[in-house]
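Here are the chains, one letter per residue:
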Amino acid sequence: MMGIDVLAPTQAPATDRDERPLTAVTYPVPCEQCGRIVRVAMNALRSPSFHRVDEQVACPDVQERRSRGDGGLLLMMCGPLKQSLAARCDAAEVEATAPGGGQAGRVVCSIPGVSIAQYVPNEARSRAEIWQAHGYDRLAMRLRAAAARAERRPLVWTRAAAAGLGALLLAAAASWFMLAREPAAPPPTQPQTVEASVAASSRASVESSVRVVTAEAMSAASAPAPLPDAPSDTATLSRSAETAPLEAPALPASASAATIAETAPTAVSGPAEAATIRLPDIVMIPGGTFVMGGVESSELPVHRVTIKPFALGRYPVTIGEWKACVADKACADVMSGPDDNPVTNVGYDDATDYLAWLSRAVGKPFRLPTEAEWEYAARGGATTTFWWGDQMRSGMANCNGCNGTGAPAQLMKVGSFAANPFGLFDMGGGVDQWVADSWHKSYQGAPSDGSSWIDEQSFVHVIRSGSWKKDASYARSGSRDRYDGRVRYPTHGFRVALSL
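A. Quick peek at the sheet that holds strand β7 (residues 282-285). The strand order across the open sheet built from three strands is β7-β10-β15, with neighbouring strands paired in antiparallel fashion. Both edges of this open sheet fall to β7 and β15 (497-499), since each of them pairs with a single strand only. The sheet shows a mean angle of 25° between the axes of neighbouring strands, taken without regard to direction. Here three bridges tie strand β10 (residues 310-313) to β15, and the two strands are oriented antiparallel to one another. Within β15, the position partnered with Phe310 by the bridge is Ser499.

Written as structure tokens, this is what we have:
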């Protein structure tokens, strides 16, 4: 699992997503008593509680307590939900990715069934404060330890090379001293002083030593560490008691590599050497059953679909994330605008090119969401026209005329509006988003298991969400449209998905 994070700040996101303030966070926690996925709010100053009043009202444990007159609606967390969260925190796994490129690594925190998240070290420490404030000391300790590991620089080979150079220079100096004590007769055919001969010999010896140790250091820095059963002088230097603890752990296969290029070998040449791969922020979406469809003919018949748990990009893929694929010559250069803007003017084929490249880079099978997955995630558990209700509200989506008649229709950076209950941004308005399915004129015969519905003979694929140029009707959770996947269009983007 990588980069999966369901944390959602209760305030508007800051410009730098790695440095956004952490006043409060919310987690979707599965309750083992009633089986619901309930959002729990946490900060360092308040006990964990229900994030939404309606979810607390529907809690069987709270209803029973109220029937006995035991407390009111204080948004407290019920006992079974608290136990469920505690059990998952105890089973959490925390790892640190290797630092590189002059920057610290990342911390990957996996809480089973709740979240998988990546943090910069300072962000991990902030999360640790929140967890410790509520008695989750073990998880807090792991986060702090991983943050410290992520900040360590790979100094092993530098120290080893310096130690080796010092030892060889010392040996050269000793050789010069021994030669100086033994006078040597100059050759009869080429008379010269003893001092000149010794000086020339010692200079050659020292220069040779310097060349040797430099070559050894370069070789050691680029070669794998010697195996324990094949010791060598270089292995002794690199595995000394002083330097061994400073070695950074290798990037695990399941980690969220925020900067994959930082941990890649520096010998790689070409544009990829300077490229930094930023893995898109990803949210874990719990499985469930929902009613899919809407009021237009293409949205009928309304039908029930069961979705398996999966992961979905918190935002549409951004220009900053697309750049690394362009630098690696795996994606077309269609970029225009700041890094925080969603990438646009991409066709379906462009999107699949990026996903194939990202999958190769991090070793995970990224894909487009299916149409059913997209709608399920966009609804966020709601059955209304939009996730917040049946009517468009100003300040909720970037679509034409949705924020007052005087507001210009323009592309905005990702995360400019509120997240839905799953912690997803821009699931309605912003940019049209490609999904995996081929276009069908209705849902007659559509799969009920949430899988993609593909017609191999068709180039026309479904797009969802609407865009900043389209009106509110396109931003509905059930709205759907289509386009030729081979053709680029200025409002088209996409977000990544991952099967769990």
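B. Main features of the layout of surface pockets. The calculated volume of the second largest pocket comes to roughly 710 Å³. If you trace the second largest pocket, you find 31 residues lining it, with Arg379, Gly380, Gly381, Ala382 and Thr383 closest to the centre. Going through the elements one at a time, β2 (37-43), α1 (53-57), β8 (288-292) and α11 (371-379) are the ones with two or more residues in the lining of the second largest pocket. It is β8 that contributes the most residues to the lining of the second largest pocket, four residues altogether.

C. Region of interest: the nonpolar core. Core analysis: the biggest nonpolar cluster contains 35 residues, and Leu81, Trp131, Leu139 and Leu143 have the highest contact counts within it. Of all elements in the fold, only β1 (25-30), β2, α3 (79-90), β4 (93-96), β5 (107-111), β6 (115-119), α4 (121-133) and α5 (137-151) reach the threshold of two or more residues within this core. Of all the elements, α5 adds the most residues to this core, at six residues. In this structure, Leu139 is in contact with Cys89, Ala92, Val94, Cys109, Ile111 and Trp131, ignoring residues within four places of it in sequence. By size, the runner-up hydrophobic cluster in this structure holds 29 residues, among which are Cys325, Val326, Val343 and Leu355.

D. Region of interest: the side chain of Glu371. With respect to the helices and strands, the residue Glu371 is situated in helix α11. A relative accessible area of 3% places Glu371 in the buried class. Reaching out from Glu371, the side chain makes a polar contact with the side chain of Arg464 at a distance of 3.2 Å. Here the side chain of Glu371 touches Arg480 through a polar contact of 2.6 Å, side chain to side chain. Once residues within four sequence positions are removed from consideration, Glu371 is found in contact with Met292, Val435, Asp437, Tyr443, Val462, Arg464 and Arg480.

E. Quick peek at empty space enclosed by the protein. Following the criterion strictly, the structure yields seven cavities of 30 Å³ or more and no others. The calculated volume of the largest cavity comes to roughly 120 Å³. Along the walls of the largest cavity sit 15 residues, with Trp388, Met396, Ala397, Met427 and Gly428 positioned nearest its centre. For the lining of the largest cavity, the residue count by class is nine nonpolar, five polar and one charged.

F. View of the state of the cysteines. The tally for this structure, following the rule as stated, stands at two disulfides. Bridging Cys325 to Cys331, the disulfide has an S-S length of 1.9 Å. A torsion of 75° about the S-S bond marks the disulfide between Cys325 and Cys331 as right-handed. Of the residues examined, Cys331 reaches a relative accessible area of 11% and is grouped as buried. The partner cysteine of Cys399 in its disulfide is Cys402, sulfur to sulfur 1.7 Å. Since a negative S-S torsion denotes a left-handed disulfide, the Cys399-Cys402 link at about -110° is left-handed. Under the relative-accessibility criterion, Cys399 is labelled buried at 5%. Disulfide partners in the chain, listed by the sequence order of the bonded cysteines, are 1-2, 3-4.

G. Looking closely at the sheet that holds β4. Taken in spatial order, the three strands make up an open sheet running β4-β5-β6, and their pairing is antiparallel. With partners counted over all chains shown, the strands left at the sheet margins are β4 and β6, one partner each. Shown here is a sheet whose adjacent strand axes are inclined to one another by a mean of 15°, direction ignored. Sheet analysis places β5 next to β6, joined by five bridges and oriented antiparallel. By the bridge assignment, Ser110 is partnered in β6 with Ile116. Relative to β6, α4 is tilted by about 135°, and along the sheet it contacts β5 and β6. Sheet strands touched by α5: β4, β5 and β6. Its angle to β4, the strand with the most contacts, is close to 10°.

H. The arrangement of the pairing of β7 in detail. On β7, burial covers both faces: Ile282 and Met284 on one face and Val283 and Ile285 on the other are all buried. Here four bridges tie β7 to β10, and the two strands are oriented antiparallel to one another. The partner of Val283 across the bridge, within β10, is Leu312.

I. Quick peek at the environment of Met77. Summarising the element assignment, Met77 is placed in the loop between α2 (60-67) and α3. On the accessibility criterion, Met77 (6% relative accessible area) is buried. Excluding residues within four positions of it along the chain, Met77 makes contact with Val40, Pro48, Ser49, Phe50, Lys82 and Leu85.

J. Geometry of the environment of Arg314. For Arg314, the location among the structural elements is in the loop between β10 and α9 (319-327). Between the alpha carbons of Arg314 and Phe422 there is a distance of 9.0 Å; along the sequence they are 108 residues apart. A polar contact is formed between the side chain of Arg314 and the backbone oxygen of Gly423, at a distance of 3.2 Å.

K. Expanded view of the pattern of salt bridges. This model, assessed by the stated rule, comprises 13 salt bridges. Notably, a salt bridge pairs Arg476 with Glu299, separated by 2.8 Å at the nearest N-O pair. Remark: Glu299 occurs in the loop between β8 and β9 (303-307) and Arg476 occurs in the loop between β12 (460-464) and β13 (481-484); sequence separation between them is 177 residues. For Arg476, a relative accessible area of 13% corresponds to the buried category. For Glu299, a relative accessible area of 1% gives the class buried. The partner of Lys470 in a salt bridge is Asp432, with the nearest N and O atoms 3.2 Å apart. With Lys470 in the loop between β12 and β13 and Asp432 in strand β11 (residues 432-438), the pair connects residues that are 38 residues apart, well separated along the chain. Classification of Asp432 as buried rests on a relative accessible area of 2%. Look at the salt bridges and you will find they share partners, linking Glu371, Glu375, Arg379, Arg464 and Arg480 into a network.

Analysis parameters
All chains use their own residue numbering, which begins from 1 and follows the written sequence. Confidence filtering applies because this is a predicted model: local features only for residues at pLDDT of at least 70, side-chain atom pairs given and counted only at 80 or more, and all residues used for totals across whole chains, interfaces and linings. Heavy atoms throughout the structure, all of them, feed into the side-chain values; hydrogens and water do not. Strands pair, by our definition, only if DSSP identifies at least two bridges between them. Helix numbering and strand numbering both begin at the N terminus, where a helix is a DSSP run of H or I of at least 4 residues and a strand a DSSP run of E of at least 2. Axes here mean lines fitted to C-alpha atoms, for a helix over just the part in contact, with angles spanning 0 to 180 degrees between N-to-C directions. Here a cavity denotes grid points, spaced 1 Å and computed from the protein atoms alone, that fit a 1.4 Å probe unable to get out, and a pocket denotes an open set having protein on both sides within 12 Å along at least 5 of 7 lines; residues with an atom within 4 Å of a point are the lining. Grid points are joined across faces, edges and corners, and a volume is the space filled by probe spheres set on the points. The term nonpolar core refers to a set of buried residues drawn from Ala, Val, Leu, Ile, Met, Phe, Trp, Tyr and Cys, joined through side-chain atoms within 4.5 Å. Any residue under 20% of the maximum accessible area for its type is buried, any over 50% is exposed, and the rest in between are partly exposed; the area is computed with a 1.4 Å probe on protein chains only. When checking whether two residues touch, look at their non-hydrogen atoms; a contact exists if any pair is within 4.5 Å. Here a polar contact means two N or O atoms within 3.5 Å. Within protein one must be a hydrogen donor candidate and the other an acceptor candidate, and residues neighboring in sequence count only if both atoms are side-chain atoms. Gly falls in the polar group here, along with every residue not listed as nonpolar (Ala, Val, Leu, Ile, Met, Phe, Trp, Tyr, Cys, Pro) or charged (Asp, Glu, Lys, Arg). Criterion for a disulfide: a pair of cysteine sulfur atoms at a distance within 2.5 Å. Here a salt bridge means any side-chain nitrogen of Lys or Arg lying within 4 Å of a carboxyl oxygen belonging to Asp or Glu.

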